[in-house]
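Summary of the model geometry
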Amino acid sequence: MNYVALDVDAMNDDCGAADDFSPSAAQNQAPAKAHVPQDVQDAIRTLLRWAGENPAREGLIDTPARVGRAWREYCAGYAEDPAIHLRRTFSEVAGYDEVVLLRGIPFQSHCEHHLAPITGTASIAYLPRNRVVGISKLARVLQGFARRLQIQERLTSEVAQCIWDHLQPQGVAVVIEAQHGCMTGRGVMTPGVTMVTSRMLGCFLDDPGSRKEVLALMGLG
Ligand SMILES: [Zn+2]
């Protein structure tokens, strides 16, 4: 698989009328915005027209390019191998052999069925086998998989499997709780409803006591 570097510029690409009138843009200090190919912009114009809009009106003139750049950011995970964050491990753990848990990591992803946002939090735990990883790396693994088109079930298992394969711990537990834009903003219209998925591997799968302990640490016991 090839991993390509993305030229994503979010700095001056937010919503808001002042977008192109920020001081840095006026002084030409902002980095060049990533090029969005014409066919991509045409596709977004087609979608705007189909949704009932007039893509030629003033407020929508730059929208196709903005949407194109935004989607490169939403899907930046395709350009990285999340396992890379688990390469550097530490074996000096002073005999620590208990659960390591990162709780309530916020993330955003997009569902592959509607391209709608999935917004939620993840708790990621592992029981080390002689070596640990920098704690922020667990969040980076999550973001690497979240910044792709997903379903929540696959996101949960990909994060767990990546840690299992590359850290080779005694156990991995991943619990994700998220709201799905395709359910809260359309369809059955149920704002506030969250979906919970979990993936347990190793001791957390095999040993009910360990599973109970890790779920309690996650605040789910
Ligand atoms: Zn969906």
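The rules behind these values
Residues numbered from 1 in each chain as written. Predicted model: local features only at pLDDT ≥ 70, side-chain atom pairs only at ≥ 80, totals over all residues. Heavy atoms only, no water. Phe/Tyr/Trp six-rings, centres within 6.5 Å; stacked < 30°, edge-to-face > 60°. Helix = DSSP H or I, 4+ residues; strand = E, 2+ residues; numbered from the N terminus. Buried < 20%, exposed > 50% of the residue type's maximum accessible area, 1.4 Å probe, protein only. Pairing = 2+ DSSP bridges. pLDDT = per-residue confidence, 0-100. Contact = heavy atoms within 4.5 Å. Axes fitted to C-alpha atoms, helices over the stretch in contact; angles between N-to-C directions. Patch = residues over 30% accessible without salt bridge, like charges linked within 9 Å, V, L, I, M, F, W, Y side chains within 5 Å. Areas by Shrake-Rupley, 256 points an atom, 1.4 Å probe, with all protein chains shown as cover. Salt bridge = Lys/Arg side-chain N within 4 Å of Asp/Glu carboxyl O. Parallel < 35°, antiparallel > 145°, perpendicular 65-115°, else oblique. Left-handed = near helix turned anticlockwise from the far one by under 90°. Nonpolar A, V, L, I, M, F, W, Y, C, P; charged D, E, K, R; others polar.

So, the packing of aromatic side chains
Applying the stated criterion to the full structure yields 1 aromatic pair. Seen in terms of ring centroids, Trp-71 and Tyr-74 are 4.9 Å apart; in terms of plane orientation they differ by 90°. Their pairing is edge-to-face. Here Tyr-74 and Trp-71 lie together in helix α3 (residues 63–74), a separation of 3 residues that amounts to about one turn. Its relative accessible area of 25% is what places Trp-71 among the partly exposed residues. For Tyr-74, a relative accessible area of 33% puts it in the partly exposed group.

Overview of the pairing of strand β2 (residues 100–111)
In the sheet, β2 pairs with strand β3 (residues 117–127) via 9 bridges, with the strands oriented antiparallel. Counted as the bridge partner of His-110 is Pro-117 from β3. Here β2 folds back onto β3, and the loop between the two strands holds 5 residues, one of which, Leu-115, carries a positive phi near 60°. In this structure, β2 lies alongside strand β5 (residues 149–150), joined through 2 bridges in parallel fashion. If you follow His-110 over to β5, its bridge partner there is Leu-149.

Considerations on the confidence of the model for the chain
Across the chain, pLDDT averages 88, with 86% of residues at or above 70. In this model residues 1–12 is a low-confidence stretch, pLDDT under 50, and it forms 21 contacts with partners more than four residues away in sequence or in other chains. Segment residues 17–26 is flagged for pLDDT under 50; beyond a separation of four residues in sequence, or across chains, it makes 13 contacts in the model.

Quick look at the sheet that holds strand β6 (residues 171–180)
Read across the open sheet, the 5 strands follow the order β5-β2-β3-β6-β7; overall the sheet is mixed. The open sheet has two edge strands, β5 and β7 (195–202), and neither has a second partner. This element, helix α4 (residues 136–146), spans β2, β3, β5 and β6 of the sheet and lies at about 15° to β2. Relative to β7, helix α8 (residues 208–217) is tilted by about 135°, and along the sheet it contacts β2, β3, β6 and β7.

Regarding a nonpolar patch on the surface
Taken together, the side chains of Met-183, Val-188 and Val-193 present a nonpolar region at the surface, about 250 Å² in accessible area. Here Val-188 lies in the loop between α6 (181–184) and β7.

So, the packing of helix α2 (residues 38–50) against α3
Helix-helix packing is described using two parameters, namely the angle between the two axes and the distance between the axes. Running from amino to carboxyl end, α2 crosses α3 at an angle of 110°, the nearest separation of the two axes being 8 Å. Judged by the inter-axis angle, α2 sits roughly perpendicular to α3. With respect to the hand of their crossing, α2 and α3 are arranged in right-handed fashion. Contacts from Val-40, Gln-41, Ile-44, Arg-45 and Leu-48 in α2 reach Thr-63, Pro-64, Ala-65, Val-67 and Gly-68 in α3. Across the contact of α2 with α3, the residue classes tally to 6 nonpolar, 3 polar and 1 charged.

Re unusual backbone geometry
A positive phi angle, near 45°, is found at Gln-168, a position not held by glycine. Structurally, Gln-168 can be placed in the loop between α5 (152–167) and β6. On the basis of relative accessible area, Gln-168 is assigned to the partly exposed category, the value being 49%.

Overview of the packing of α4 against α5
Packing of α4 against α5 brings their axes to within 10 Å, and their N-to-C directions diverge by 135°. Judged by the angle between their axes, α4 and α5 are oblique. Taken as a pair, α4 and α5 cross one another with a handedness that is right-handed. Across from Leu-138, Val-141, Leu-142, Phe-145 and Ala-146 in α4, the residues of α5 making contact are Leu-155, Glu-158, Val-159, Cys-162 and Ile-163. Looking at side-chain class alone, the contact of α4 with α5 contains 9 nonpolar, no polar and 1 charged residues.

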